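What follows is each chain in one-letter form.
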Amino acid sequence: MVVQASVLGWEADGTLANSSSVISNEAMNYFLVFYGALSLMSGVPILLNAKKRRVVAETSVAKRLAEIAGGAEESYFEERRSLEAYPPPSSDTKMRWLGALLTVLGIASIMMGLID
C-alpha cells in the first residue's frame, strides 16, 4: 500500500502541505510573549526585594523561636527542631541570581516572541 506524503500533510521536500503552520507559529509567538511577561513579572520583584524578604524571614523565625522558648505550644510536630535545623538563608545572593535569571529569560522570551 502506497501512501502519498501530501495526504499526511508533508511535501516531498519536507515542508508542510498546507498553511496551518502559519497559524501555529503565531500561537507560539503569543505563548513566548505571555511566558516572557510572566517571567519578567516574577523576576523583577525577586531581584529588587530579596534582602527585604530575607530580613522578614529571619525576624519571623527568631520571633517564633522566642515564643516557643517562652512556653508557647508548637504548631506542628517538632516545629522548634525544624526552625533550628533549617534557618532562612544568611545571604540573599541566590535569590538575586534567581531574580536576574528570570528577568533575563523574560526579556529574551518577549523579544523572541515579537521578532519571530
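Fair warning: this is a prediction, and the values are worked out from it, not measured in the lab.

Engineer: Tell me what's going on with the packing of aromatic side chains, and back it up with residues and numbers.
Structural biologist: Each aromatic ring pair is specified by the distance between its two centres and by the angle formed by the two planes. Evaluated as defined, the whole model comprises 1 aromatic pair. Each ring, one from F31 and one from Y35, has its centre 6.4 Å from the other, and the planes form 20°; the classification is stacked. Residue F31 and its partner Y35 are both found in helix α1 (residues 20-69); the two are separated by 4 residues, about one turn of the helix. The partly exposed category is assigned to F31, whose relative accessible area is 47%.

Engineer: Go over the pattern of salt bridges with me, naming the residues and quoting the values.
Structural biologist: Following the criterion strictly, the structure yields 6 salt bridges and no others. When the shortest N-O distance is used, the salt bridge between E67 and R64 registers 2.9 Å. In this pair, E67 and R64 both sit in helix α1, 3 residues apart, roughly one turn of the helix. Look at E67 and you get partly exposed, because its relative accessible area is 34%. Overall, R64 belongs to the buried group, its relative accessible area being 17%. R96 is paired through a salt bridge with D92; the nearest N and O atoms lie 3.2 Å apart. A single network of salt bridges, built from pairs that share partners, joins R64, E67 and E79.

Engineer: Residue-level account of helix α3 (residues 93-115), with values.
Structural biologist: Over its 23 residues, α3 extends 33 Å from the first C-alpha to the last, a length consistent with the 33 Å expected when each residue adds 1.5 Å. Regarding α3, the residues found buried are G99, T103, G106, S109 and G113.

Engineer: Which residues make up the environment of S82, and what are the values?
Structural biologist: Relative to the assigned elements, S82 resides in helix α2 (residues 79-85). Judged by its relative accessible area of 15%, S82 falls in the buried class. Side chain to side chain, S82 and Y76 meet in a polar contact 3.0 Å long.

Cut-off values and rules
- Residues numbered from 1 in each chain as written.
- Predicted model: local features only at pLDDT ≥ 70, side-chain atom pairs only at ≥ 80, totals over all residues.
- Heavy atoms only, no water.
- Phe/Tyr/Trp six-rings, centres within 6.5 Å; stacked < 30°, edge-to-face > 60°.
- Helix = DSSP H or I, 4+ residues; strand = E, 2+ residues; numbered from the N terminus.
- Buried < 20%, exposed > 50% of the residue type's maximum accessible area, 1.4 Å probe, protein only.
- Salt bridge = Lys/Arg side-chain N within 4 Å of Asp/Glu carboxyl O.
- Expected span 1.5 Å × (residues − 1).
- Polar contact = N/O pair within 3.5 Å; in protein donor to acceptor, adjacent residues only side chain to side chain.

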